[in-house]
Amino acid sequence: MRILAVDDEPIALKGLMSAISEVVPNAEVNGFGNISDALLYAYVNHPQVAFLDVNFRAESGLDLAKRLKEMNPKINIRAPLKIHCCSKVRIFYSRFMSKRRSHTDV
């Protein structure tokens, strides 16, 4: 299984990737700190799951989710629970999770 993790906060990204690797030890987990590198990876490698932050300094995680869904409508996208959103946003996210990630969140 190929899993994409995207967060522009290095410590959060490292923690997320560690949690994913513990829960899914045989997965290929690739992490990126910016949207453009994540999109390039997704275009070439077609991940089945993506864990995304939605609050980037310069870009929108919502736009990333939309573009990933356009590339692969079946991708399972997971995002932080902290966003309070309308149904329009929920279209792109398969599941919301807490920023304080635990094994049950992954």
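Residues numbered from 1 in each chain as written. Predicted model: local features only at pLDDT ≥ 70, side-chain atom pairs only at ≥ 80, totals over all residues. Heavy atoms only, no water.

K.L.:
Outline the overall build of the protein, supporting the account with residue identities and numerical values.
P.N.:
The helix and strand inventory of the protein stands at four helices and five strands. Starting at the N terminus and walking to the C terminus, you meet the elements of the protein as β-α-β-α-β-α-β-α-β. When burial is assessed residue by residue, the protein has 42% of its 106 residues classed as buried. Considering only contacts in the protein between residues 6 or more positions apart, those separated by 24 or more positions represent 62%. Element-wise, carbon and sulfur atoms account for 54% of the exposed surface of the protein, whose accessible area totals about 6,100 Å². (Helix = DSSP H or I, 4+ residues; strand = E, 2+ residues; numbered from the N terminus. Buried < 20%, exposed > 50% of the residue type's maximum accessible area, 1.4 Å probe, protein only. Contact = heavy atoms within 4.5 Å. Areas by Shrake-Rupley, 256 points an atom, 1.4 Å probe, with all protein chains shown as cover.)

K.L.:
Pulling in residues and values, what's your account of the environment of Ala42?
P.N.:
In this structure, Ala42 sits in helix α2 (residues 35–45). Those residues in contact with Ala42 that sit more than four places away from it in its chain are Leu4, Pro47, Leu68 and Met71.

K.L.:
Before we move on, can you summarise the confidence of the model for the protein with the specific residues and values?
P.N.:
For the protein, per-residue confidence averages 79 on the pLDDT scale, and residues scoring 70 or more make up 75% of the total. Per-element averaging of pLDDT across the protein places helix α4 (residues 87–90) at the bottom with 42 and strand β2 (residues 28–32) at the top with 96. Between residues 82–99, whose pLDDT stays under 50, and residues either more than four places distant or in other chains, the model counts 47 contacts. (pLDDT = per-residue confidence, 0-100.)

K.L.:
Outline the packing of aromatic side chains, supporting the account with residue identities and numerical values.
P.N.:
Inspection of every chain in the model, using the stated rule, returns one aromatic pair. Aromatic side chains Phe32 and Tyr41 sit 5.4 Å apart centroid to centroid with 40 degrees between the ring planes, which places their arrangement in the tilted category. Residue Phe32 is classed as buried on the basis of its relative accessible area, which comes to 18%. Residue class for Tyr41 comes out buried when judged on its relative accessible area of 8%. (Phe/Tyr/Trp six-rings, centres within 6.5 Å; stacked < 30°, edge-to-face > 60°.)

K.L.:
Lay out a nonpolar patch on the surface with the relevant residues and their values.
P.N.:
Taken together, Leu40, Tyr43, Val44 and Met71 make up a surface patch of nonpolar side chains, about 440 Å² in accessible area. In terms of residue count, the dominant contributor to the nonpolar patch is α2 (three residues). Among the secondary structure elements, Val44 is positioned in helix α2. (Patch = residues over 30% accessible without salt bridge, like charges linked within 9 Å, V, L, I, M, F, W, Y side chains within 5 Å. Salt bridge = Lys/Arg side-chain N within 4 Å of Asp/Glu carboxyl O.)

K.L.:
Summarise the nonpolar core; cite the residues concerned and give the values.
P.N.:
Looking at soluble globular proteins, one finds that nonpolar side chains tend to be buried together. The biggest cluster of nonpolar side chains holds 16 residues, and the ones touching the most others in it are Leu4, Val6, Ala50, Leu52, Leu64, Leu68 and Ile77. Those elements that provide at least two residues to this core are β1 (2–6), α2, β3 (49–52) and α3 (61–71). Here the element with the most residues in this core is α2; it accounts for five residues. When residues no more than four places from it in sequence are discounted, the contact partners of Ala50 are Leu4, Leu68, Ile75, Asn76, Ile77 and Arg78. Ala5, Leu13, Leu16 and Ala27 belong to the second-largest nonpolar core, a separate cluster that totals nine residues. (Core = buried A, V, L, I, M, F, W, Y, C linked by side-chain atoms within 4.5 Å.)

K.L.:
Report on the packing of α2 against α3, specifying residues and quantitative values.
P.N.:
The interhelical angle for the contact between α2 and α3, taken along N-to-C directions, is 10 degrees, at an axis separation of 11 Å. Compared by their axis directions, α2 and α3 come out roughly parallel. When α2 is examined against α3, the residues Ile35, Leu39, Ala42 and Tyr43 are found in contact with a partner set consisting of Gly61, Leu64, Arg67, Leu68 and Met71. Residue classes in the contact of α2 with α3 are distributed as seven nonpolar, one polar and one charged. (Axes fitted to C-alpha atoms, helices over the stretch in contact; angles between N-to-C directions. Parallel < 35°, antiparallel > 145°, perpendicular 65-115°, else oblique. Nonpolar A, V, L, I, M, F, W, Y, C, P; charged D, E, K, R; others polar.)

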